[in-house]
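# Coordinate analysis (summary)
Below are the chains, spelled out letter by letter.
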Amino acid sequence: AGPATGVMSLPSETLERLSLQLKRLCGGISQAFTLLNPCLFYEDFRMALMNLGFSPEVDFQELFRLLDVHRTGRIHKSTFLHALELPEMKVNPEEGEGGKMII
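A few points on the structure. All of these numbers come straight from a predicted model, not from anything done at the bench. Going along each chain's sequence as written, the residues are numbered from 1 onward. pLDDT decides what is reported in this predicted model: residues at 70 or higher carry local features, side-chain atom pairs at 80 or more are listed and counted, and totals for whole chains, interfaces and linings draw on all residues regardless. Hydrogens and water are ignored here; the side-chain numbers use all heavy atoms of the structure.

A separate point is the overall build of the chain. Counting secondary structure elements, the chain contains five helices and two strands. Mapped from its N terminus to its C terminus, the chain presents α and β elements in the order α-α-β-α-α-β-α. Only protein chains enter the accessibility calculation, which uses a 1.4 Å probe. A residue is then buried if its area is under 20% of the maximum for its type, exposed if over 50%, and partly exposed in between. Burial status across the chain gives 37% buried among its 103 residues. A contact between two residues is defined here by any heavy atoms of the two lying within 4.5 Å. Relative to all contacts within the chain whose residues are 6 or more apart in sequence, the contacts with residues 24 or more apart total 68%. Only the protein chains shown count as cover for residues, and all accessible areas are computed by the Shrake-Rupley method using a 1.4 Å probe. Summing over all exposed atoms, the chain offers an accessible surface of approximately 5900 Å²; the carbon and sulfur share of this is 52%. Per the convention used, a helix needs a DSSP run of H or I reaching at least four residues, while a strand needs a run of E reaching at least two, with both numbered from the N terminus.

Set out below in C-alpha cells:
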C-alpha cells in the first residue's frame with residue numbers, strides 16, 4: 001500500500017498550523033513523530049501534544065481523526081509525515097499565551 005490518498009483532502013489550514021507548531025517545538029516533523037511515539041494511538045497522541053505545550057482546549061480528537069486516514073485507531077509514521085511535511089506556508093499559526101497551540 002502506498003501513501004494515504006485521503007491526506008490531500010484534509011483541511012490544510014489546520015494541518016499547516018499543526019505542522020508549524022511541531023516544527024517549532026521539535027525541530028522537524030520526523031523528529032516530532034519520534035518524540036510522540038513510533039506508532040500513535042489517540043491517548044498517546046493527546047498526552048504527547050499536551051506535554052509539548054499544546055493547550056487543553058485543542059480538539060485532539062479532531063486532529064487525530066484527520067490524521068487517522070485509514071481509520072485504524074492509530075497513526076502510521078508515513079501518514080503523519082505525508083500530512084504534515086508541507087511546503088513553506090504563508091499563514092502563521094495562531095498561538096495563545098505561552099505559545100500554546102490553538103486550533
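This part takes up the nonpolar core. In this text, buried Ala, Val, Leu, Ile, Met, Phe, Trp, Tyr and Cys residues form a nonpolar core when linked through side-chain atoms within 4.5 Å. Among the nonpolar cores identified, the biggest contains 22 residues, and Leu 22, Phe 45, Leu 67, Ile 75, Phe 80 and Leu 84 are the most heavily contacted of them. For this core, the secondary structure elements donating two or more residues are helix H1 (12-26), helix H2 (29-36), helix H3 (42-51), helix H4 (60-67) and helix H5 (77-84). Those residues in contact with Phe 80, other than ones at most four positions away along the chain, are Leu 22, Ile 29, Ala 32, Phe 33, Leu 36, Leu 40, Leu 67 and Ile 75.

With that settled, the discussion passes to the pattern of salt bridges. Salt bridges, as used here, are contacts in which a Lys or Arg side-chain nitrogen is within 4 Å of a carboxyl oxygen on Asp or Glu. As enumerated under the stated definition, the model contains three salt bridges in all. For Arg 17, the salt bridge goes to Glu 13, with nearest N and O atoms at 2.8 Å. Taken together, the residues Arg 17 and Glu 13, both in helix H1 and four residues apart, mark about one turn of the helix. Using a relative accessible area of 8% as the deciding quantity, one classes Arg 17 as buried. For Glu 43, the salt bridge is made with Arg 46, and the minimal N-O distance between the two is 2.4 Å. Residue Glu 43 and its partner Arg 46 are both found in helix H3; the two are separated by three residues, about one turn of the helix. According to the relative accessible area criterion, Glu 43 is partly exposed, its value standing at 40%.

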